[in-house]
Amino acid sequence: MTMTLSEQRAAVEDSPPPAVRRSRRRSPLTWFRGGGLANLLFVLPMLFVFIFFSWSPIVQSVIMSLQKTNLIVSEWVGIDNYLAVIGDPELGRAVINTLWFAVLALLFGFPLPLLMAVLMSEVRRGKGIYSALAYLPVVIPPVVAVLLWKFFYSADPSGVFNTVLGFVGIPPQPWIQDAVQAMPSLVLEATWAGAGGSIIIYLAALLGVPPELYDAAEVDGAGIWKKIWHVTLPQLRGILFIMLILQVIATAQVFLEPFLFTGGGPAGATKTVLLYIYDKAFRNSLGGDYGEATAVSVLLAIVLALLSWLYFTLTDRWSTT
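Notes on the structure follow.

So, how was this worked out
Residues numbered from 1 in each chain as written. Predicted model: local features only at pLDDT ≥ 70, side-chain atom pairs only at ≥ 80, totals over all residues. Heavy atoms only, no water. Helix = DSSP H or I, 4+ residues; strand = E, 2+ residues; numbered from the N terminus. Buried < 20%, exposed > 50% of the residue type's maximum accessible area, 1.4 Å probe, protein only. Areas by Shrake-Rupley, 256 points an atom, 1.4 Å probe, with all protein chains shown as cover. Contact = heavy atoms within 4.5 Å. Core = buried A, V, L, I, M, F, W, Y, C linked by side-chain atoms within 4.5 Å. Expected span 1.5 Å × (residues − 1). Arc of directions from axis to C-beta. Polar contact = N/O pair within 3.5 Å; in protein donor to acceptor, adjacent residues only side chain to side chain. 1 Å grid on protein atoms, 1.4 Å probe; cavity = no way out; pocket = protein on both sides within 12 Å on 5 of 7 lines; lining within 4 Å. Points joined across faces, edges and corners; volume = space filled by probe spheres on them. Phe/Tyr/Trp six-rings, centres within 6.5 Å; stacked < 30°, edge-to-face > 60°.

**Quick word on the overall build of the protein**
Link 1 in the chain: The number of helices and strands found in the protein is 16 helices and two strands.
Link 2 in the chain: A total of 321 residues make up the protein; the buried ones form 32% of that total.
Link 3 in the chain: Only carbon and sulfur atoms are counted for the fraction: they give 69% of the accessible area of the protein, which is about 20900 Å².

**What to know about the side chain of Gln-247**
Link 1 in the chain: Tracing the sequence through the fold places Gln-247 in helix α13 (residues 237-251).
Link 2 in the chain: Leave out the neighbours within four places in its chain, and Gln-247 touches Ala-105, Leu-106, Gly-109 and Phe-110.

**Focus on the nonpolar core**
Link 1 in the chain: Tyr-202 and Leu-206 are the most contacted members of the largest nonpolar core, which has 19 residues in total.
Link 2 in the chain: Put simply, the parts of the chain that give this core at least two residues each are α6 (111-121), α10 (182-206), α11 (211-219), α12 (224-235) and α13.
Link 3 in the chain: With residues up to four places along the chain from it excluded, the contact list for Tyr-202 reads Phe-110, Pro-113, Leu-114, Ala-117, Leu-240 and Met-243.
Link 4 in the chain: Counting residues in hydrophobic clusters, the runner-up holds 18 residues, among them Leu-91, Ala-281, Tyr-290 and Ala-293.

**Details of α12**
Link 1 in the chain: Taking 1.5 Å per residue as the helical rise, α12 with its 12 residues ought to reach 16 Å, and the 15 Å between its terminal C-alpha atoms agrees with that figure.
Link 2 in the chain: Regarding α12, the residues found buried are Lys-227, Ile-228, Val-231 and Thr-232. Around the axis of α12, the buried residues are gathered within 125 degrees of arc, so they sit on the same side. Summarising the geometry of α12, the exposed residues directed more than 90 degrees from the buried face are Trp-225, Lys-226, Trp-229 and His-230.
Link 3 in the chain: Residues of α12 that are buried make contact with α6, α10 and α11.

**Some points on unusual backbone geometry**
Link 1 in the chain: For the bond from Gly-265 to Pro-266, the omega torsion is -5 degrees, close enough to zero to count as cis.
Link 2 in the chain: As for its position among the elements, Pro-266 is in the loop between α14 (256-261) and α15 (273-282).
Link 3 in the chain: Phi at Trp-175 takes a positive value of approximately 55 degrees, unusual for a residue other than glycine.
Link 4 in the chain: Tracing the chain through its elements places Trp-175 in the loop between α9 (160-167) and α10.
Link 5 in the chain: With a phi angle near 60 degrees, Ala-267 is a residue other than glycine that sits in the positive phi range.
Link 6 in the chain: Relative to the elements of secondary structure, Ala-267 occurs in the loop between α14 and α15.

**Some remarks on the environment of Thr-294**
Link 1 in the chain: Structurally, Thr-294 can be placed in helix α16 (residues 290-319).
Link 2 in the chain: Taking C-alpha positions, Thr-294 is 9.8 Å from Gln-60, a pair spaced 234 residues apart along the chain.
Link 3 in the chain: If near-sequence neighbours (up to four positions away) are discounted, Thr-294 is found in contact with Ser-61, Met-64 and Ser-65.
Link 4 in the chain: In terms of polar contacts, Thr-294 uses its side chain to reach the backbone carbonyl oxygen of Tyr-290, at 2.6 Å.

**Here's the deal with the layout of surface pockets**
Empty space among the atoms becomes apparent when a probe as large as a water molecule is rolled across them.
Link 1 in the chain: The volume enclosed by the largest pocket comes to roughly 650 Å³.
Link 2 in the chain: In terms of lining residues, the largest pocket is bounded by 29 residues, among which Ala-190, Ala-193, Gly-194, Ala-195 and Ala-250 are the most central.
Link 3 in the chain: Sorting the residues of the lining of the largest pocket by element identifies α5 (89-109), α7 (127-139), α8 (142-152), α10, α13 and α14 as the ones contributing at least two each.
Link 4 in the chain: Per element, the largest residue contribution to the lining of the largest pocket is nine residues, and it comes from α10.
Link 5 in the chain: In this structure, the second largest pocket encloses a volume near 460 Å³.
Link 6 in the chain: In terms of lining, the second largest pocket is formed by 20 residues, of which the most central are Ser-121, Glu-122, Arg-124, Leu-206 and Tyr-214.

**Quick word on α6**
Link 1 in the chain: Taken residue by residue, α6 has Pro-113, Leu-114, Ala-117, Val-118 and Met-120 as its buried positions. Take α6 and look down its axis: the buried residues cluster within an arc of 165 degrees, on one side only.
Link 2 in the chain: In this structure, the buried residues of α6 make contact with α5, α7, α10, α12 and α13.

**Details of the side chain of Ser-65**
Link 1 in the chain: In this structure, Ser-65 sits in the loop between α3 (36-64) and β1 (67-69).
Link 2 in the chain: There is a polar contact of 2.7 Å between the side chain of Ser-65 and the side chain of Tyr-82.
Link 3 in the chain: Not counting residues up to four positions away in its chain, the partners in contact with Ser-65 are Gly-78, Asn-81, Tyr-82, Gly-291, Thr-294, Ala-295 and Val-298.

**Looking at the packing of aromatic side chains**
The relation between two aromatic rings is expressed through the spacing of the ring centres and the mutual angle of the planes.
Link 1 in the chain: In this structure the tally under the stated criterion is 16 aromatic pairs.
Link 2 in the chain: Ring centres 5.4 Å apart and planes at 35 degrees place the aromatic pair Tyr-153 and Trp-175 in the tilted group. Pair noted here: Tyr-153 is in the loop between α8 and α9 and Trp-175 is in the loop between α9 and α10, with a separation of 22 residues, a long-range link.
Link 3 in the chain: Taking the relative accessible area as the measure of exposure, Trp-175 reaches 15% and is therefore buried.
Link 4 in the chain: Between the aromatic rings of Phe-259 and Tyr-278, the centroid separation amounts to 5.1 Å while the plane-to-plane angle is 70 degrees, which identifies the pairing as edge-to-face. One end of the pair, Phe-259, is in helix α14; the other, Tyr-278, is in helix α15, and 19 residues separate them in sequence.
Link 5 in the chain: Taking relative accessible area as the criterion, Phe-259 reaches 33% and is therefore assigned partly exposed.

So, in structure tokens, the structure goes:
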């Protein structure tokens with residue numbers, strides 16, 4: 001016998017509400033019986049290693065930045081180290097040099113890997129060979145690459161680069177021995193050394209671009225440059241911003257190139273923030289002022305932390321939209 005609609009509604013209204021499941025409070029005894037102690041013992045060694053090797057040096061660095069110390073004798077000076085380095089004109093010049101390196105790296109080192117990746121994606125044959133050749137500089141040890149380029153940058157007319165320029169009638173250049181040309185020379189080598197990794201990332205990102213978009217653009221009569229501007233760049237907007245933030249963070253920590261190429265010269269034209277920290281700490285055989293060097297390191301860490309926070313915030317926002 002079937003029930004009418006009104007009888008069904010009355011039955012639903014008269015039915016008792018479902019029982020509310022009460023959550024049990026976890027006591028220490030239930031936590032122990034549930035294997036909590038075993039889990040804690042399993043995690044404890046990894047937690048100890050993480051705290052000892054990650055957070056302990058950070059805390060010690062903050063404490064050292066508030067001291068006047070050479071690792072033998074220490075004296076508590078508070079924020080005097082921070083005031084001293086902030087008022088140091090040499091640090092200001094190092095910051096300007098680092099920003100100049102970052103700007104040149106963004107102008108030349110950021111668009112070049114993208115352009116090469118787009119051109120390589122259009123190649124029908126031998127794409128694997130071109131990818132391997134592009135990634136080859138990354139495989140070379142950085143110190144070996146810098147020393148090799150330092151030999152190429154010889155200011156003599158018989159130098160490698162000056163010999164090549166002589167073939168087209170350009171006179172010999174001083175390269176890293178000139179205060180104006182030194183920083184662009186460093187950026188050129190850094191771009192050559194790091195472009196391979198960016199090219200591989202861009203090639204992988206280009207595989208995710210729907211080919212139908214290129215087909216539609218080709219039907220509309222778009223050439224390769226219009227395809228790049230109207231299809232490729234909008235589709236790679238997220239990865240481009242991620243690579244931009246990562247490159248800014250990396251250029252803020254540049255040390256190897258100015259240290260091995262010029263040692264900060266000529267006339268301090270290539271002295272970066274990390275090289276300034278190095279000179280503060282190790283400027284003589286007895287040790288320098290580790291307190292002021294650590295203070296600059298803490299300030300740099302704060303700036304990089306803000307950039308990292310911006311990176312994670314924007315990438316998380318884009319992943320949810």
